[in-house]
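# What the coordinates show
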Amino acid sequence: MTTDCDILISGGGPAGAALALALADGRRRIVVVEPRAEPPTGDARATALAEGSIRLLDALGAWAPLAPDSVAVRRVEVSQRGHFGRTRIDAAEEGVTALGRVVAYDALARVLAGLARAAPGVEWLAPRAVADARGEPEAMAVRIEHPDGGAAEERRARLVVAADGTDSPLRRALAIDTRVHDYGQTALLVALEAGGDPHTAHERFTDEGPLALLPAGGRRRTLIWTVAPERADELLALSPADFAAAVEGRLGRGQAPVRMLGTPARFPLRRVEAQYASGYRACLVGNAARTLHPVAAQGFNLALRDVCGLAAALAEVDDPGDESAREAWLERREADQWRTRAFTDLLAERFAERGAAPGAVRAGALLGLDLCPAGRHALAAQNMGLADGLPRVGRWRLGPRP
């Protein structure tokens with residue numbers, strides 16, 4: 001039976017574009033449905049790419065255009081306000097030039113979308129949105145609407161993939177429920193200037209919640225500050241100078257002076273997970289499958305490993321809708337997904353507990369980890385996305401990257 005395409009991907013953001021790029025081999029017809037006419041510009045978010053993700057992007061041909069404007073993270077320092085215990089992870093100790101690199105989110109989105117749109121066999125429909133999906137014998141029929149009121153169309157695919165975000169329209173059309181865990185926290189995101197080493201990323205635990213500071217070049221940093229919703233209201237009402245002073249008070253003197261470069265944006269924090277990631281001729285990746293707390297910057301890095309693993313599994317079968325191939329993919333990815341979720345929730349919740357006793361336990365744990373090379377190496381492997389090795393990209397395996 002003929003179909004309009006082999007694989008239809010809902011969502012042309014970084015996860016969906018990376019999947020299209022990994023799948024594009026000229027043999028299969030791939031359709032990407034993306035609501036935005038063009039990738040975003042001026043997005044203030046920064047994406048921390050683990051070393052493993054850089055290797056995967058390199059294999060996809062996407063790293064070279066991103067590298068010149070990226071900022072190397074050569075050290076990660078994990079500390080707790082008011083306590084002496086801290087842990088430092090150093091790239092040199094791990095035998096790499098950098099633990100990862102920070103890139104602008106909009107640059108990542110533009111590069112991946114541009115490469116995917118030009119890849120062989122890829123048809124990019126934008127602006128378009130998935131409105132409905134229904135199962136048919138040997139295919140999924142997907143109704144696609146034009147957000148500006150143009151005529152709707154229908155495409156039939158042997159496999160559909162939801163890569164369209166936390167509120168995934170395709171997941172909703174497939175009637176896949178979600179499990180939602182509200183952290184009771186709000187993330188404040190803002191660009192600022194601060195002191196200290198320009199290649200060190202900081203993860204700082206405070207009595208108000210975890211605070212992450214990512215290098216952005218020179219004195220520029222990206223701050224992600226997690227606080228209770230009512231505290232977020234108070235902080236957003238402050239003047240730029242007072243907000244900077246509050247940040248400085250939480251970071252410590254090593255990062256002084258702090259100067260604001262923008263207006264903080266707020267994001268409520270929830271973990272959203274699909275009840276299942278694979279169904280009849282359908283699967284979910286990226287935030288459509290699971291949205292994690294940003295505290296450890298694991299979300300896109302995990303999604304990219306999932307995406308490349310899926311592309312490798314589909315390269316082994318003639319029918320991309322083959323259920324056994326997707327079951328094998330999920331089985332291979334299960335350990336990494338579970339560990340990453342557990343690691344993220346440990347930092348987001350257990351390290352946010354208030355009180356003298358939890359603080360002392362955290363201080364001891366950080367100090368003990370700093371004195372244990374094996375523990376630091378395991379933590380570094382998790383942060384670099386290398387704990388389980390890397391999946392293949394398409395039909396070939398990755399070689400070592402210096």
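Structure's up top.
Residues numbered from 1 in each chain as written. Predicted model: local features only at pLDDT ≥ 70, side-chain atom pairs only at ≥ 80, totals over all residues. Heavy atoms only, no water.

### Observations concerning the overall build of the protein chain
The following threshold applies: Labels follow the DSSP assignment, with helices taken as runs of H or I lasting at least four residues and strands as runs of E lasting at least two, numbered in each case from the N terminus. For every accessible area listed, the method is Shrake-Rupley and the probe measures 1.4 Å; residues are considered covered only by the protein chains on display.
Scanning the protein chain from N- to C-terminus turns up 12 helices and 20 strands. Carbon and sulfur atoms form 52% of the exposed surface of the protein chain, whose accessible area is close to 17,000 Å².

### Observations concerning the packing of aromatic side chains
As a reminder, the rule being used: Working definition: rings of Phe, Tyr and Trp (its six-membered ring) pair if their centres are within 6.5 Å, and the pair is stacked with planes under 30 degrees apart, edge-to-face with planes over 60 apart, and tilted otherwise. Throughout, exposure labels follow a simple rule: accessible area from a 1.4 Å probe, protein chains only, divided by the maximum for the residue type, with under 20% read as buried, over 50% as exposed, and the rest as partly exposed.
Tallied over the full model, the rule gives one aromatic pair. The interplanar angle of 75° and the centroid separation of 6.0 Å between the aromatic rings of Trp-225 and Phe-243 together place this pair among those described as edge-to-face. Taken together, the residues Trp-225 in strand 15 (residues 220-227) and Phe-243 in helix 8 (residues 240-251) connect sequence positions 18 residues apart. For the pair formed by Trp-225 and Phe-243, the shared burial category is buried.

### Some remarks on the nonpolar core
Rule in force here: By convention a nonpolar core is built from buried Ala, Val, Leu, Ile, Met, Phe, Trp, Tyr and Cys residues, the set being connected through side-chain atoms within 4.5 Å. We call two residues in contact when some of their heavy atoms are within 4.5 Å.
If you look at the biggest cluster of nonpolar residues, it comprises 44 residues, and the most contacted ones within it are Ile-9, Leu-19, Leu-23, Leu-57, Leu-112 and Val-161. Broken down by element, this core gets its largest block of residues, eight residues, from helix 9 (residues 299-314). Excluding anything up to four places from it in sequence, Val-161 contacts Ile-7, Leu-8, Ile-9, Ser-10, Leu-19, Leu-170, Cys-283 and Val-285. Among the nonpolar cores identified, the runner-up in size contains 23 residues, and Val-102, Ala-187, Leu-214 and Val-295 belong to it.

### Observations regarding helix 9
Residues that lie three or four places apart on an α-helix share one face, since the helix turns once every 3.6 residues. As a reminder, the rule being used: Expected span of a helix, by definition, is 1.5 Å for each gap between consecutive residues, and there is one gap fewer than residues.
For helix 9, spanning 16 residues, the distance from its first C-alpha to its last is 23 Å, which sits close to the expected 22 Å at 1.5 Å a residue. In terms of residue burial, helix 9 counts as a mostly covered element, since 15 of its 16 residues are buried.

### Points about helix 2 (residues 51-59)
Counting buried residues in helix 2 gives eight out of nine residues, a clear majority hidden from the surface. Along helix 2, the positions that sit buried rather than exposed are Glu-51, Gly-52, Ser-53, Ile-54, Arg-55, Leu-56, Leu-57 and Ala-59. Buried-residue contacts for helix 2 involve strand 3 (46-50), helix 3 (63-66), strand 7 (100-104), helix 5 (105-118) and helix 9. Just downstream of helix 2 lies Gly-61, where phi reads positive at about 80°.

### Looking at the side chain of Asp-306
Mapped onto the elements, Asp-306 comes out in helix 9. Accessibility expressed as a relative area gives 3% for Asp-306, which makes it buried.

### Quick word on the pairing of strand 17 (residues 265-274)
As a reminder, the rule being used: Two strands pair under a simple rule: DSSP has to find at least two bridges between them.
Relative to strand 17, strand 12 (residues 178-193) runs antiparallel, the two being bridged by 10 bridges. Paired with Gln-185 across the two strands is Leu-269, which belongs to strand 17.

### Thoughts on the pattern of salt bridges
To be explicit about the condition: Here, a salt bridge means any Lys or Arg side-chain nitrogen found within 4 Å of an Asp or Glu carboxyl oxygen.
The tally for this structure, following the rule as stated, stands at 27 salt bridges. Glu-136 is the partner of Arg-156 in a salt bridge, and the nearest nitrogen-oxygen pair spans 2.9 Å. Taken together, the residues Arg-156 in strand 11 (residues 153-162) and Glu-136 in strand 9 (residues 129-136) connect sequence positions 20 residues apart. Arg-156 sits in the partly exposed class, given a relative accessible area of 21%. On the accessibility criterion, Glu-136 (19% relative accessible area) is buried.

### As for the sheet that holds strand 7
Adjacent strands of a sheet form backbone hydrogen bonds with each other and so pair up, either parallel or antiparallel. Selection criterion: To get an axis, a line is fitted to the C-alpha atoms, and for a helix only the part in contact is used. The angle between two axes follows their N-to-C directions and goes from 0 to 180 degrees.
With antiparallel pairing, three strands are arranged side by side in an open sheet as 3-7-4. Among the strands making up the open sheet, the edge pair consists of strand 3 and strand 4 (71-73). Each strand of the sheet is rotated relative to its neighbour by a mean of 30°, with strand direction disregarded. Across five bridges, the pairing between strand 3 and strand 7 is antiparallel. Looking at strand 7, one finds that Leu-49 is bridged to Arg-101. The strands touched by helix 2 are strand 3 and strand 7; relative to strand 3, the strand with the most contacts, the crossing angle is about 90°.

### Details of the packing of helix 1 (residues 14-23) against helix 5
Rules: Put simply, angles under 35 degrees are roughly parallel, angles over 145 are roughly antiparallel, angles from 65 to 115 are roughly perpendicular, and the rest are oblique. For a crossing to be left-handed, the near helix must be turned anticlockwise from the far one by less than a right angle; the clockwise case is right-handed. Charged means Asp, Glu, Lys or Arg here, nonpolar means Ala, Val, Leu, Ile, Met, Phe, Trp, Tyr, Cys or Pro, and polar covers whatever is left, Gly included.
The geometry of helix 1 relative to helix 5 is characterised by a closest axis approach of 8 Å and an angle of 30° between their N-to-C directions. Taken together, the axes of helix 1 and helix 5 are roughly parallel relative to one another. The two elements helix 1 and helix 5 cross, and the hand of that crossing is left-handed. From helix 1, Pro-14, Ala-17, Ala-18, Ala-20 and Leu-21 reach across to helix 5, where they touch Tyr-105, Leu-108, Ala-109, Leu-112, Ala-113, Leu-115 and Ala-116. Of the residues assigned to the contact of helix 1 with helix 5, the class counts are 12 nonpolar, no polar and no charged.

### Remarks on the environment of Asp-318
Within the secondary structure layout, Asp-318 lies in the loop between helix 9 and helix 10 (323-348). The exposure class of Asp-318 is exposed, given its relative accessible area of 70%. Every residue in contact with Asp-318, bar those within four places of it in the chain, is listed here: Arg-28 and Arg-158.

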